[in-house]
Amino acid sequence: MKHFKKYPLLPALGMLLMGTVSCSKFLEEKPETQYTADNFFVNKTTLDAGVVGMYSSVKDLFGVYTNTPLFMTELGTDEGMFKGTSGVRYNFDRHTFTPSEGAIYEYWTRHFQIAARANAIIAAANKVTSISDADRKTIIGEARFLRAYVYFRLVQAFGELPIIDEPITGAFDYGLPRRPIAEVYDFIVADLQYTTETGVLTRQKTNNGHANHWAAQSLLGKVYLTMASSKEAAKVPGYAGITQTTNELYSLAWTTLKDVKDNSGAALLPVYGDVFKIENKNVNAESIFELQFSTVVPYGTQWTKEYGMIASGSINGNPAYYTNSLIGQCNLVYVPKFYKYYKPTVRSVDYDKRRVWNLSDSLVNVVNNVPSTLTFIWGTTFSPDSYNQTVLGRCGVTKYRWGNSWRETSPYLYSNAPNNVIVLRFADVLLMFAEADYKKNGTISQEGLDAINRVRQRARGLDAGGNPIPESATPTFKNYVASDININEILMERARELCFEFQRWYDLARTGKFEYFLELTRSASFTTIVNTSTSFNASKHYLFPIPQSELDLSTNKAEFKQNPNY
């Protein structure tokens, strides 16, 4: 709310300056103070430019800054952790953050900023008379898609929220209440139902970062699934106010996701790792919606270098990650016991090729400025059940690669890499469909099994001839049968497939499974390993706290309260 006082309208120029380079050059000719939403948005060209700027602003949710919200939805889970012992990353990893944590404030304000930009575009598109009804629908549809996306992330993180659906044109009303969770979801669903109407968004693959019909449909399915599982888990009391039953919501998720599964034309790539290669961004058949990053400064990102392989030695006096393709800072590492989600022991065969792609188990030795050799980190002394701080720091994540080899030099500036953030992809749709199918029926149907096993089969990879490796060749990595399926196993499979894609916090929160999976991987009772346990408290950490600065500004203390136990 403090944000809106500073930027009451979020002028159109501000939106465009965060868009493409050509837009910013065009706008250099006139000063910012001449523009408002009313006098800038006058035709389709300016509205389209505003939409580009709106999409571009979403990348700030994944930037690496002093107080970045990037860490909130990955750290502190069973898959990703921070190897250090202090700072903002540590606070989120160990659940020691407070309402005054700067990153929590940034999460709040950046999401609301995007929503405010969407509100400005929606209002302007409704006023401009020189565009066709078809163009008006598409522009409004894209704005409502992004508004739904950011409100969905906000409601999961904070619960009750102020609902702001119009531009702020005067002094901001600091008396706005936090609205019930059910009302917030009604707002989100209404936006997505509009975007999925016939003729609003194209059904064709866009390949340019713009949402299409299937992105909206996939997000709507995820919203229904989250409403259902959160209401069922009952960790956040406000979900009880949702009027539909859990079975009705699971059925809505099932129907919505089935449409994407059967009719979108999306498909799994034959090789898991190809999904994340830079050369395949946007154009691959599995990707449904991606946030765009570029090699043009400052439209790239450093978030991928938070991960990566660890190295000993430097290259030309700089940290090795400056120029190497796979080496990273390893600020964010995998939880050692997460390794066992893929295979029971280090020496077991890697039948699940996702483990090989996602989790590094080697250290790169740099000699004379050149990556020279690899050192296997899990020696005879160490295992995921017994290791020290040094080995913990080597648990690199190699999901996001700038090249094919740890020897390669990257052509990109390390702080401005062009890796996109994949928000929605087809494997996620298949896994969500299987979960909705299981929950809707009480047992999984053959169609649900087929969906989850499509993901499982792809994980086996291809043989030397380029053919899918059959189930018979992976004796300890079988397809699922109905009796295997329960919510814990579904969440295990989601972790194996979707790890480090900024989904795990949301998955554990909506299903009420934080305690189960943290005990499995980061228990305080583990004495043979470095203490990785967290201070997770189920009475409060299923939501983040409302930023203290927002509470201080509110003039409606009765209806704008802090979340429980903060």
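On a predicted model such as this, the values are computed, not experimentally measured, just so you know.

Quick notes on the rules
- Residues numbered from 1 in each chain as written.
- Predicted model: local features only at pLDDT ≥ 70, side-chain atom pairs only at ≥ 80, totals over all residues.
- Heavy atoms only, no water.
- Helix = DSSP H or I, 4+ residues; strand = E, 2+ residues; numbered from the N terminus.
- Rg over C-alpha atoms; globule rule 2.2 N^0.38 Å.
- Buried < 20%, exposed > 50% of the residue type's maximum accessible area, 1.4 Å probe, protein only.
- Contact = heavy atoms within 4.5 Å.
- Areas by Shrake-Rupley, 256 points an atom, 1.4 Å probe, with all protein chains shown as cover.
- 1 Å grid on protein atoms, 1.4 Å probe; cavity = no way out; pocket = protein on both sides within 12 Å on 5 of 7 lines; lining within 4 Å.
- Points joined across faces, edges and corners; volume = space filled by probe spheres on them.
- Pairing = 2+ DSSP bridges.
- Axes fitted to C-alpha atoms, helices over the stretch in contact; angles between N-to-C directions.
- Phe/Tyr/Trp six-rings, centres within 6.5 Å; stacked < 30°, edge-to-face > 60°.
- Lys NZ or Arg CZ within 6 Å of the ring centre and 35° of its normal.
- Polar contact = N/O pair within 3.5 Å; in protein donor to acceptor, adjacent residues only side chain to side chain.
- Expected span 1.5 Å × (residues − 1).
- Salt bridge = Lys/Arg side-chain N within 4 Å of Asp/Glu carboxyl O.

> How should I be thinking about the overall build of the chain in this particular structure?
Check the secondary structure of the chain and you find 19 helices and nine strands. For 566 residues, the compact-globule formula gives about 24 Å, and the C-alpha radius of gyration of the chain, at 23 Å, lands near that figure. Its C-alpha atoms give the chain principal-axis dimensions of about 70 × 60 × 50 Å. Going through the 566 residues of the chain one by one, you find that 60% of them count as buried. Nonlocal contacts in the chain, meaning residues at least 24 apart in sequence, comprise 72% of its contacts between residues at least 6 apart. As displayed, the chain offers around 21,000 Å² of accessible surface, 51% of which is attributable to carbon and sulfur atoms.

> Teacher, can you tell me more about empty space enclosed by the protein here?
Over the atoms a probe the size of a water molecule is rolled, and this reveals where empty space is left. Tallying each qualifying case throughout the model produces seven cavities of 30 Å³ or more. Here the largest cavity defines a volume of roughly 240 Å³. In terms of lining residues, the largest cavity is bounded by 21 residues, among which Lys 222, Val 423, Phe 502, Gln 503 and Tyr 506 are the most central. Listing elements by their share of the lining of the largest cavity, those giving two or more residues are α8 (133-158), α10 (213-233), β9 (421-425) and α17 (504-511). A volume near 90 Å³ is recorded for the second largest cavity. Lining the second largest cavity we find 13 residues, and of these Ser 230, Val 236, Tyr 239, Ala 509 and Arg 510 sit closest to its centre. Of all the secondary structure elements, the ones that give two or more residues to the lining of the second largest cavity are α10 and α17. Broken down by element, the lining of the second largest cavity gets its largest block of residues, four residues, from α17.

> Where do I start with the sheet that holds strand β7 (residues 362-367) in this structure?
Working definition: the strands of a sheet are paired by backbone hydrogen bonds and lie parallel or antiparallel to each other. The strand order across the open sheet built from three strands is β3-β7-β8, with neighbouring strands paired in mixed fashion. Where the open sheet ends on each side, the last strands, each with one partner, are β3 (310-312) and β8 (370-376). This sheet shows a mean twist of 35° between the axes of neighbouring strands, independent of strand direction. Here three bridges tie β3 to β7, and the two strands are oriented parallel to one another. When the bridges of β7 are listed, Ser 312 appears paired with Asn 365.

> Even after reading the chapter, I still don't get the packing of aromatic side chains, so can you show me in this structure?
Inspection of every chain in the model, using the stated rule, returns 42 aromatic pairs. Note on Tyr 185 and Tyr 239: the rings are 5.6 Å apart at their centroids and 50° apart in plane angle, and the pair reads as tilted. Highlighted residues: Tyr 185 in helix α9 (residues 181-195) and Tyr 239 in the loop between α10 and α11 (246-263), separated in sequence by 54 residues. With relative accessibility at 4%, the residue Tyr 239 sits in the buried group. When the ring centre of Tyr 516 is taken as reference, the NZ or CZ atom of Lys 513 above it lies at 5.5 Å.

> Is there a simple way to think about the environment of Thr 46 in this case?
You can see Thr 46 is positioned in helix α5 (residues 44-58). Not counting residues within four places of it along the chain, the set of residues in contact with Thr 46 comprises Phe 40 and Phe 41.

> Even after reading the chapter, I still don't get the pairing of β7, so can you show me in this structure?
Among the six residues that make up β7, five are buried, leaving the element largely enclosed by the rest of the structure. Across six bridges, β7 lies against β8 in antiparallel orientation. Bridge assignment links Asn 365 to a residue of β8, and that residue is Thr 373. With antiparallel pairing between neighbouring strands as the criterion, β7 and β8 make up a hairpin whose turn holds two residues, including Asn 368 at a positive phi of roughly 55°.

> Could you clarify how one ought to interpret the side chain of His 541 in this entry?
Along the chain, the position of His 541 falls in the loop between α18 (514-522) and α19 (548-553). For His 541, the side chain forms a polar contact with the main-chain nitrogen of Asn 537, separated by 2.8 Å. When neighbours within four sequence positions are excluded, His 541 is seen to be in contact with His 95, Phe 97, Trp 505, Ser 535, Phe 536 and Tyr 566.

> Just checking my understanding: could you explain helix α7 (residues 102-127) for this structure?
Working note: α-helix, 3.6 residues per turn, so residues spaced by three or four point in the same direction. The end-to-end C-alpha distance of α7, which contains 26 residues, comes to 38 Å, matching closely the 38 Å that a straight helix rising 1.5 Å per residue would cover. Counting buried residues in α7 gives 22 out of 26 residues, a clear majority hidden from the surface.

> Teacher, can you tell me more about the side chain of Arg 110 here?
Along the polypeptide, Arg 110 turns up in helix α7. Discounting residues that sit within four places of it in the chain, Arg 110 has contacts with Asp 60, Leu 61, Tyr 65, Asn 67 and Pro 69.

> What is the right way to look at helix α16 (residues 487-498) in this model?
The terminal C-alpha atoms of α16 lie 16 Å apart, and with twelve residues this matches the ideal 16 Å at 1.5 Å per residue to within 8%. Burial within α16 is extensive, with eleven of its twelve residues counted as buried. All of the buried residues along α16 are Ile 487, Asn 488, Ile 490, Leu 491, Met 492, Glu 493, Arg 494, Ala 495, Arg 496, Glu 497 and Leu 498. Structurally, the start of α16 carries an N-cap: the backbone nitrogen of Asn 488 is 3.1 Å from a side-chain oxygen of Asn 486. One or two residues past the end of α16 sits Phe 500, with phi positive at roughly 65°.

> What is the right way to read the pattern of salt bridges from this model?
Pairing of side chains with opposite charge becomes possible as their charged atoms draw close. A complete count under the given rule lists 40 salt bridges for this structure. With a closest N to O distance of 2.8 Å, Arg 355 and Asp 350 form a salt bridge. Taking the relative accessible area as the measure of exposure, Arg 355 reaches 5% and is therefore buried. In this structure, Arg 496 and Glu 493 form a salt bridge, with 2.7 Å as the shortest nitrogen-oxygen distance. In this pair, Arg 496 and Glu 493 both sit in helix α16, three residues apart, roughly one turn of the helix. Per residue, the accessibility class of Arg 496 equals that of Glu 493, and both read buried. Salt bridges linked by common partners bring Glu 286, Asp 352, Arg 354, Lys 399, Arg 425, Arg 456, Arg 458, Glu 489, Glu 493, Arg 496, Glu 497 and Glu 501 together as one network.

> How should I be thinking about unusual backbone geometry in this particular structure?
For residues besides glycine, phi is generally negative; the peptide bonds are generally trans as well. A cis geometry characterises the amide bond from Val 297 onward to Pro 298, with omega recorded as 5°. Examined against the element boundaries, Pro 298 turns out to sit in the loop between β2 (287-291) and β3. A positive phi angle, close to 70°, is found at Asn 369, a residue other than glycine. On the secondary structure map, Asn 369 appears in the loop between β7 and β8.

> How do you make sense of the environment of Arg 355 when you look at a structure like this?
Looking at the secondary structure, you find Arg 355 in helix α12 (residues 353-358). Placed 209 residues apart in sequence, Arg 355 and Pro 564 show a C-alpha to C-alpha distance of 38 Å. Those residues in contact with Arg 355 that sit more than four places away from it in its chain are Tyr 339, Tyr 342, Lys 343, Asp 350 and Asp 361. One polar contact links Arg 355 to Asp 350, side chain to side chain, over a distance of 2.8 Å.

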